[in-house]
Amino acid sequence: MDLHTVAEIADVDTYAGWEPGDAWLAGGTYLFSEPQPHLRRLVDLTRAGWPPVTRHRDGDLEIASTCTIAQVAAQPAPLFVQCCRAFLASFKIWNVATIGGNLCNALPAGPMISLTAALHGRCLLVARDGTRRDVPVAEFVVGAGRTVLRAGEMLRSVTLPADVLGRRAAFRQASLYRLGRSAALVIGTHEPSGAVELTVTASTTRPVRVRVEADADAAAAVTDAVADDCWFDDVHGRPEWRRHMTRRFASEIVAELAT
């Protein structure tokens, strides 16, 4: 879609100050999908030339906000591909949409939120004056369509710690329709202690982490951890059904990782 109110596309390294009507541009699959009459200028992050994925010496994996879904899916771990496929998007979208855009849009069904929250990802946020903040993904998204980003603040990258990347993981996802948006998505990772950490997304307005001991009731743990007003309600699934599927997936995942 043409954004007829946008008068300028600026380079991220040379733009002069953040002003009302500015927006960061990475893949643009959301920005150009619907009218944005409030926008006057786009600041292009793709010109920054950030490496999409960087493996640090300590084993941590840093993913730039401009990293595309296709580049995420190319990582040698089944969980990365499973989350990317939860988009149910074409290869064209995979090669344009970015992990940063998925996180910043903060849709409950955003599978990059699911992936990075489950793997203890930490967001590097950079303010206009260069001030940096380190915020866990699980705290970055605070509600449907809401994040902790401040005006003019940029999501630079997400870093996944090596110790969590090495865990065994299990994945479950459900949609109300065969090609529908995720209505419940649960990822479990197996801790060295034997417990299972569950990350609930899509069925909730924000990511919720639940730690379940091997002999505990996973479904009950989910019920206790998720507040009643946190279950998401839209045309893609009623809260009661989302809760049911989440509880079921939690039990399946704990049983799978216990074997």
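See the structure printed just above.
Residues numbered from 1 in each chain as written. Predicted model: local features only at pLDDT ≥ 70, side-chain atom pairs only at ≥ 80, totals over all residues. Heavy atoms only, no water.

Novice: Help me understand the side chain of Glu153, please; the structure alone is not making it clear to me.
Specialist: Take Glu153: it is sitting in the loop between strand S9 (146-147) and strand S10 (154-160). Its relative accessible area of 4% is what places Glu153 among the buried residues. A polar atom in the side chain of Glu153 sits 2.7 Å from the side chain of Arg133. If we skip the residues at most four places from it in the chain, Glu153 touches Trp24, Leu125, Val126, Ala127, Arg133 and Val148. (Helix = DSSP H or I, 4+ residues; strand = E, 2+ residues; numbered from the N terminus. Buried < 20%, exposed > 50% of the residue type's maximum accessible area, 1.4 Å probe, protein only. Polar contact = N/O pair within 3.5 Å; in protein donor to acceptor, adjacent residues only side chain to side chain. Contact = heavy atoms within 4.5 Å.)

Novice: So what exactly am I meant to see when it comes to the pairing of strand S7 (residues 132-136) here?
Specialist: Consecutive residues of a regular strand have side chains that alternate between opposite faces of the sheet. Here five bridges tie strand S6 (residues 122-126) to S7, and the two strands are oriented antiparallel to one another. Within S7, the position partnered with Val126 by the bridge is Arg132. (Pairing = 2+ DSSP bridges.)

Novice: Looking at this structure, I do not really get the packing of helix H2 (residues 78-85) against helix H5 (residues 111-118). What am I missing?
Specialist: Across the interface, H2 lies against H5 with an axial gap of 8 Å and an inter-helix angle of 155°. Taken together, H2 and H5 sit at an angle that is classed as roughly antiparallel. Where H2 crosses over H5, the handedness of that crossing is right-handed. Taken together, the residues of H5 that come into contact with H2 (itself represented by Leu79, Phe80, Cys83 and Cys84) are Pro111, Met112 and Leu115. By residue class, the composition of the contact of H2 with H5 is seven nonpolar, no polar and no charged. (Axes fitted to C-alpha atoms, helices over the stretch in contact; angles between N-to-C directions. Parallel < 35°, antiparallel > 145°, perpendicular 65-115°, else oblique. Left-handed = near helix turned anticlockwise from the far one by under 90°. Nonpolar A, V, L, I, M, F, W, Y, C, P; charged D, E, K, R; others polar.)

Novice: Teacher, can you tell me more about the layout of surface pockets here?
Specialist: If a probe the size of a water molecule is rolled over the atoms, the empty space left behind becomes visible. In this model, the largest pocket occupies a volume close to 1,300 Å³. Lining the largest pocket are 48 residues, with Tyr30, Gly101, Asn102, Cys104 and Asn105 sitting closest to its centre. Listing elements by their share of the lining of the largest pocket, those giving two or more residues are strand S2 (22-25), helix H4 (99-105) and S10. No other element matches H4, which puts five residues into the lining of the largest pocket. Across the lining of the largest pocket, the residue classes tally to 25 nonpolar, 18 polar and five charged. (1 Å grid on protein atoms, 1.4 Å probe; cavity = no way out; pocket = protein on both sides within 12 Å on 5 of 7 lines; lining within 4 Å. Points joined across faces, edges and corners; volume = space filled by probe spheres on them.)

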